[in-house]
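# Examination of the molecular architecture
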Amino acid sequence: MKTSKIRIIGGALKGNHISFPSSSKLRPTSNKLREILFNWLNFEIEGLKCADCFSGSGALGIEAISRGAKSVTFIEKTPKFAASIEANLERLNISERCKIEIKNAFEWLKSASLEELDLIFFDPPFFDERIQGLLASLESLKIKKGSKEPGRDIIKTITIKQCEEIASKKLKDLNANTVEQGTKIIVGSAKSMGIEVT
């Protein structure tokens, strides 16, 4: 079976690779997008209980563990993708902090005890009309990125100033020559992830 690789970009496992089956149905979150996402989370992820829905390669959940998350539940409906995640967890020696559910993420999100989680990664590979309804359900549960306190909102916006601050620190990672170029990259990435830039 042909495989592809992406690297872990930060934390204790930085530099290690994640292997996964090459497939048109699997679109791992890019290094650049993961870098931006975890810059937003900053140090808030440490000690959190997380879920990685539509796990695919498992890149987001593994990155979270690398950066100090207490645990991650991977939700992936395709058995061969789930098996690949399991193999990576074992190779990286982080299996004891992780759990894999071979289930449809839409159905899992409706039935799981989401109140027990601090952070849910929600990165489906393709658009599905059910996404907006599920986001509304998550918002009603007051689950927010990186929050250790209940009753907070899902993060849906980022300011231009925040984008500029991230860009100024991460020009090399963004392959940008100026803060302006880096900011444009971050703004574009945020919009592609459904986050409003204000």
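Predicted model only: the values in this text are computed from it and were never measured.

### Focus: the overall build of the protein chain
Within the protein chain one finds eight helices and eight strands. Every one of the 198 residues in the protein chain was classed for burial, and the buried ones make up 43%. Long-range contacts, defined as pairs at least 24 residues apart, comprise 60% of the intrachain contacts of the protein chain with a sequence gap of at least 6. Of the roughly 10700 Å² that the protein chain leaves accessible, carbon and sulfur atoms contribute 49%.

### What to know about the confidence of the model for the protein chain
Overall, the prediction assigns the protein chain a mean pLDDT of 78, with 76% of residues at 70 or greater. Note on residues 142–155: pLDDT is under 50 here. Beyond four places in sequence and across chains, it has 38 contacts.

### Considerations on the sheet that holds strand 6 (residues 119–122)
Taken in spatial order, the four strands line up as 5-4-3-6 in an open sheet, and their pairing is parallel. Each of the sheet's edge strands pairs with one partner strand only, and the pair in question is strand 5 (98–101) and strand 6. On average, each strand axis in the sheet is tilted by 15° relative to the strand beside it, whichever way the strands run. With four bridges connecting them, strand 4 (residues 71–75) and strand 5 associate as parallel partners. Considered in strand 5, the bridge of Thr73 is made with Lys99. Taken strand by strand, helix 2 (residues 59–66) contacts strand 3 (49–53), strand 4, strand 5 and strand 6, and its axis lies near 175° from that of strand 4.

### Overview of the side chain of Asp118
Positionally, Asp118 belongs in the loop between helix 4 (105–111) and strand 6. Of the side chains with opposite charge, Lys49 lies nearest to the buried Asp118, which makes no salt bridge, at 6.4 Å. A polar contact is formed between the side chain of Asp118 and the backbone nitrogen of Lys49, at a distance of 2.8 Å.

### A few points about the pattern of salt bridges
Tallied over the full model, the rule gives four salt bridges. Linking Lys103 and Glu101 is a salt bridge whose minimum nitrogen-to-oxygen distance equals 3.5 Å. In this structure Lys103 comes out as partly exposed when scored by relative accessible area, which is 39%. One salt bridge connects Lys184 with Glu180, and the closest N-O pair in it is separated by 4.0 Å. Residue Lys184 and its partner Glu180 are both found in helix 8 (residues 179–192); the two are separated by four residues, about one turn of the helix. Look at Lys184 and you get exposed, because its relative accessible area is 58%.

### Section: helix 2
Buried residues dominate helix 2, accounting for eight of its eight residues. Among all positions of helix 2, only Ala59, Leu60, Gly61, Ile62, Glu63, Ala64, Ile65 and Ser66 are buried. Downstream of helix 2 by a residue or two, Gly68 has a phi angle that is positive, lying close to 110°.

### Section: unusual backbone geometry
Residue Phe54 is not a glycine yet carries a positive backbone phi of 55°. Secondary-structure assignment places Phe54 in the loop between strand 3 and helix 2.

### Examining the packing of aromatic side chains
In total, this model carries two aromatic pairs according to the counting rule given. On the basis of an interplanar angle of 45° and a centroid distance of 5.7 Å, the ring pair of Phe38 and Phe121 is categorised as tilted. With Phe38 in helix 1 (residues 31–41) and Phe121 in strand 6, the pair connects residues that are 83 residues apart, well separated along the chain. By relative accessible area, which is 2% here, Phe38 ends up buried. For Phe121, a relative accessible area of 5% gives the class buried. Taking the centre distance of 5.1 Å and the plane angle of 75° together, the rings of Phe54 and Phe106 count as edge-to-face. Here Phe54 is found in the loop between strand 3 and helix 2, whereas its partner Phe106 is found in helix 4, with 52 residues between them in sequence. Here Phe54 matches Phe106 in class, with each residue buried.

The rules we used
Residues numbered from 1 in each chain as written. Predicted model: local features only at pLDDT ≥ 70, side-chain atom pairs only at ≥ 80, totals over all residues. Heavy atoms only, no water. Helix = DSSP H or I, 4+ residues; strand = E, 2+ residues; numbered from the N terminus. Buried < 20%, exposed > 50% of the residue type's maximum accessible area, 1.4 Å probe, protein only. Contact = heavy atoms within 4.5 Å. Areas by Shrake-Rupley, 256 points an atom, 1.4 Å probe, with all protein chains shown as cover. pLDDT = per-residue confidence, 0-100. Pairing = 2+ DSSP bridges. Axes fitted to C-alpha atoms, helices over the stretch in contact; angles between N-to-C directions. Lys, Arg positive; Asp, Glu negative; His and termini not counted. Salt bridge = Lys/Arg side-chain N within 4 Å of Asp/Glu carboxyl O. Polar contact = N/O pair within 3.5 Å; in protein donor to acceptor, adjacent residues only side chain to side chain. Phe/Tyr/Trp six-rings, centres within 6.5 Å; stacked < 30°, edge-to-face > 60°.

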